[in-house]
Amino acid sequence: MPSVKDNFNAVMKQVRDAAVSCGRNPDEITLIAVSKKKQIPVIMEGINAGAAHLGENYLQEAVKKIDAIGNTKICWHFIGHLQTKKARSAVKYFEYIHTVDRIKLAKEINKHAAKINKVQKILLQINIGNEETKSGAALQDIHELADQVMQLDNLSLEGLMCIPPYNPDPELTRPYFRQLAQIREELAEKFKTAEIMKHLSMGMSNDFKIAIEEGATMIRVGTSIFGKRE
Ligand SMILES: *Cc1c(COP(=O)(O)O)cnc(C)c1O
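Just so we're clear, the structure is a prediction, and the values are computed from it rather than from any experiment.

(A) Layout of helix H5 (residues 103-115). Taking 1.5 Å of rise per residue, 13 residues should cover 18 Å, and H5 covers 18 Å from first to last C-alpha, within 8% of that figure. Buried within H5 we find Leu105, Ala106, Ile109, Asn110, His112 and Ala113. Buried residues belonging to H5 abut helix H4 (87-93), strand S4 (96-100), strand S5 (120-126), helix H6 (142-150) and strand S6 (155-162). Asn117 occupies a position one or two residues after H5 and carries a positive phi of about 55 degrees.

Shown next as structure tokens:
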């Protein structure tokens, strides 16, 4: 069985190779190791192998881990569905929140960030495959949501995130990645602020190479690093 360290190194190499083969600078791509449902000793193996960005989906579980592991060496990313009532805790613990998909949630995050003098980095999640079972803003609502988020002083709009419909053939996921990149382009053009909207959080174990080819700047990889989840 390969170790977490072996897995992490292999994924890093695949990320670099994918970037270079499509003419991108590998340094533009942040590998987020998704540690949901994994225990602290296993996560520590990832950290010791060099993982500096970790992604978590469930707030209560994440809070325990972050309290134990700390946030000085690790940048924590919240990538799960966020209930409005848990916004305070998400703001306290996470550097990035990838899953803002409604104005009510954005306002609540903004309010709690203001209270602790923080500018919270967020991404807008788009339900790119228009799937009933998935979170994320509808495509037709994204411009209005982005406009409103831009009015909130304690939010920094960093980019867009999506979880496309699963397909065992990652090539079939490409059009969704391409569409997310196009929407990012539109919004960046509209707001014309250099520092915002630079990120595309897309690509998981099965399809991160394709995501990189389509412009991903943050990929979220769990299984290929930490193994299958229970
Ligand atoms: C679990 C999860 C991942 C990681 O998925 P793998 O297929 O295990 O790499 C990435 N993004 C989100 C939002 C997830 O929930």
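There's more to say after this.
(B) The layout of surface pockets, seen in detail. Taken as a whole, the largest pocket spans an internal volume of roughly 370 Å³. If you go around the largest pocket, you meet 21 residues; those closest to its centre are Ile163, Met204, Ser205, Arg220 and Arg229. For the lining of the largest pocket, a count of residues per class yields nine nonpolar, seven polar and five charged. Considering only enclosed or pocket space, the second largest pocket measures out at about 180 Å³ in volume. If you trace the second largest pocket, you find 13 residues lining it, with Met12, Pro26, Ile29, Thr30 and Leu31 closest to the centre. Of all the elements, helix H1 (residues 4-21) adds the most residues to the lining of the second largest pocket, at four residues. In the lining of the second largest pocket, the residues fall into eight nonpolar, three polar and two charged.

(C) Structural detail: the site of the ligand. Taken together, 13 residues form the shell around the ligand, and within it Lys36, Asn57, Ser205, Thr223 and Arg229 come nearest. Here an oxygen atom of the ligand and a side-chain polar atom of Asn57 are 2.7 Å apart. Compared with its free state, where it exposes 390 Å², the ligand has 90% of that area covered by protein. The pocket occupied by the ligand, as judged from atoms lying within 2 Å of grid points, is the largest pocket. Partitioned by chemical class, the residues of the shell around the ligand number six nonpolar, four polar and three charged.

Quick notes on the rules
- Residues numbered from 1 in each chain as written.
- Predicted model: local features only at pLDDT ≥ 70, side-chain atom pairs only at ≥ 80, totals over all residues.
- Heavy atoms only, no water.
- Helix = DSSP H or I, 4+ residues; strand = E, 2+ residues; numbered from the N terminus.
- Expected span 1.5 Å × (residues − 1).
- Buried < 20%, exposed > 50% of the residue type's maximum accessible area, 1.4 Å probe, protein only.
- Contact = heavy atoms within 4.5 Å.
- 1 Å grid on protein atoms, 1.4 Å probe; cavity = no way out; pocket = protein on both sides within 12 Å on 5 of 7 lines; lining within 4 Å.
- Points joined across faces, edges and corners; volume = space filled by probe spheres on them.
- Nonpolar A, V, L, I, M, F, W, Y, C, P; charged D, E, K, R; others polar.
- Near = heavy atom within 4 Å.
- Polar contact = N/O pair within 3.5 Å; in protein donor to acceptor, adjacent residues only side chain to side chain.
- Areas by Shrake-Rupley, 256 points an atom, 1.4 Å probe, with all protein chains shown as cover.
- Sits in = over half its atoms within 2 Å of the grid points.

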